[in-house]
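A structural walkthrough
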There are 2 protein chains.
Amino acid sequence: MKEIKYWYEDLPPGRIFTYPERQVTAEEIIDFAAEFDPQPFHLSEEAGRASILGGLAASGWHTCAITMREFCDTMLLSSSSEGAPGIDLVEWRKPVLAGDRLSGRMEVLEARELRSRPGIGLVRFRHEITNQRGETVMIMEHPAMFRMREAS
Amino acid sequence: MKEIKYWYEDLPPGRIFTYPERQVTAEEIIDFAAEFDPQPFHLSEEAGRASILGGLAASGWHTCAITMREFCDTMLLSSSSEGAPGIDLVEWRKPVLAGDRLSGRMEVLEARELRSRPGIGLVRFRHEITNQRGETVMIMEHPAMFRMREAS
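Residues numbered from 1 in each chain as written. Chains lettered and ligands numbered in written order. Predicted model: local features only at pLDDT ≥ 70, side-chain atom pairs only at ≥ 80, totals over all residues. Heavy atoms only, no water.

Chain A appears in an unreviewed UniProt entry as MaoC family dehydratase from Rhizobium alvei.

Structure, rendered in structure tokens:
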């Protein structure tokens, strides 16, 4: 069994986690887009430059998936997570272009015990992803469920 | 230049598109999860069976990405799309398990001209993805922008 570092009780509103810087390459942008979002501006530098995005740009879903991976590595895989029911909000505010270096910040917005499921709490998170110029490229908010330490 | 089949004017509220059936394999579930969402129940049948998901289950983000591909192939790549500002809502209602056959239905919820951008309209979509038992596995709602035929 993995060791659990983050239980429901460790995720109070206001707690902040940060994601390390990560460069997004042209190759991974194109690989993701070819499989899931083959719009021209996600597939070539030339088409990206001809679009309002201004260059080869990652699919918004790719930025979500990259953020999920950061969330996993930073906290979720060491937690008592019981899964997530969905997503409340995503805003793609700026294009993520090939070569951009992303970093991130995740904050607990809300935490409450679930009456319907004793021993489980619902935690709402807000992820803010920024590029190397300090511009916010994406906001994502979603809930997830965690077991309580005291119930285990 | 590609031929545009769907302009803003072709996407009135109530218009429905359907997605063809598509099987989700264990291999693609594991490939996606290994890169973006390496929680144990997305990586092996054994861990999936031991979880509340009941089997090797696709990452919710994978189901979103698969839906994006269906959206592209069915409509978006033949449209006057000008991109999307984000996601309003995702609900992961049931697990998507290895071998499941997904199909989908997409409906236009709302369409309005943007005063701030003449010649562009904002269209809101609702995607409903179902499995081979007719169960809804995911709901997704989001806006996207489209150029108007009459402005082109």
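Resuming the write-up.
1. Let's talk about the relation of the copies chain A and chain B
With an RMSD of 0.0 Å, the fit of chain A onto chain B corresponds to turning through 180° and sliding 0.0 Å along the axis. In the structure described here, the two chain copies are related by an operation that fits a two-fold rotation axis. Across chain A, the rotation axis passes nearest the C-alpha of leucine 89 of chain A, at a separation of 3.0 Å. In this assembly, 100% of the residues forming the interface of chain A have copies in chain B that are likewise at the interface, indicating an isologous arrangement. (Least-squares fit on C-alpha atoms with pLDDT ≥ 70 in both. Contact = heavy atoms within 4.5 Å.)

2. Some points on the interface of chain A and chain B
Taken together, the contacts link 30 residues of chain A with 30 residues of chain B. Buried surface at the junction of chain A and chain B, summed over both partners, amounts to about 2,700 Å²; 65% is from carbon and sulfur atoms. Of all residues in chain A, Phe36, Trp61 and Ile87 of chain A bury the most surface against chain B, accounting for 27% of the area lost on that side. Applying the counting criterion to the chain A and chain B interface returns zero salt bridges. Residue assignment for the side of chain A that touches chain B shows that the elements contributing at least two residues are helix H1 (26-36), helix H3 (60-74), strand E2 (86-87) and strand E3 (89-92) of chain A. With eight residues, the top contributor of residues to the side of chain A that touches chain B is H3 of chain A. Per-class residue counts for the side of chain A that touches chain B are 20 nonpolar, four polar and six charged. Summarising the sheet, E2 of chain A and strand E3 (residues 89-92) of chain B pair through two bridges and their orientation is antiparallel. From the neighbouring strand, isoleucine 87 of chain A faces E3 of chain B, where its bridge partner is valine 90 of chain B. (Buried area = accessible area lost by both parts, 1.4 Å probe. Salt bridge = Lys/Arg side-chain N within 4 Å of Asp/Glu carboxyl O. Helix = DSSP H or I, 4+ residues; strand = E, 2+ residues; numbered from the N terminus. Nonpolar A, V, L, I, M, F, W, Y, C, P; charged D, E, K, R; others polar. Pairing = 2+ DSSP bridges.)

3. Description of the packing of helix H1 (residues 26-36) of chain B against helix H3 (residues 60-74) of chain B
Residues and elements named next belong to chain B. Two elements in contact, H1 and H3, have axes separated by 10 Å at closest approach and are oriented at 110°. Classified by the angle between their axes, H1 and H3 sit roughly perpendicular to one another. The handedness of the crossing between H1 and H3 is right-handed. Touching Glu28, Ile29 and Phe32 of H1 are Trp61, His62 and Ala65, all from H3. (Axes fitted to C-alpha atoms, helices over the stretch in contact; angles between N-to-C directions. Parallel < 35°, antiparallel > 145°, perpendicular 65-115°, else oblique. Left-handed = near helix turned anticlockwise from the far one by under 90°.)

4. Considerations on the side chain of serine 81 of chain B
Along the polypeptide, serine 81 of chain B turns up in the loop between H3 and strand E2 (86-87). Given the relative accessible area of 15%, serine 81 of chain B is considered buried. Apart from the residues within four sequence positions on either side, serine 81 of chain B is in contact with Gln39 of chain A together with Leu76, Met145, Phe146 and Arg147 of chain B. (Buried < 20%, exposed > 50% of the residue type's maximum accessible area, 1.4 Å probe, protein only.)

5. So, the sheet that holds E3 of chain A
One open sheet accounts for six strands, arranged E1(A)-E4(A)-E5(A)-E6(A)-E3(A)-E2(B); its pairing is antiparallel. At either end of the open sheet lies a strand with only one pairing partner, and these are strand E1 (16-23) of chain A together with E2 of chain B. Relative to strand E6 (residues 136-147) of chain A, strand E5 (residues 120-130) of chain A is paired through eleven bridges, and the arrangement is antiparallel. Within the sheet, the bridge partner assigned to glutamate 128 of chain A lies in E6 of chain A and is isoleucine 139 of chain A. Sheet strands touched by H3 of chain A: E1, E3, strand E4 (101-113), E5 and E6 of chain A together with E2 of chain B. Its angle to E1 of chain A, the strand with the most contacts, is close to 125°.

6. With respect to the sheet that holds strand E6 (residues 136-147) of chain B
An order of E2(A)-E3(B)-E6(B)-E5(B)-E4(B)-E1(B) is seen for the six strands of this open sheet, with the pairing classed as antiparallel. Every other strand in the sheet has two partners, leaving E2 of chain A together with strand E1 (16-23) of chain B as the edge strands with one partner each. Here H3 of chain B sits on the sheet and contacts E2 of chain A together with E1, E3, strand E4 (101-113), strand E5 (120-130) and E6 of chain B; the angle it forms with E1 of chain B, its principal contact strand, is near 125°.

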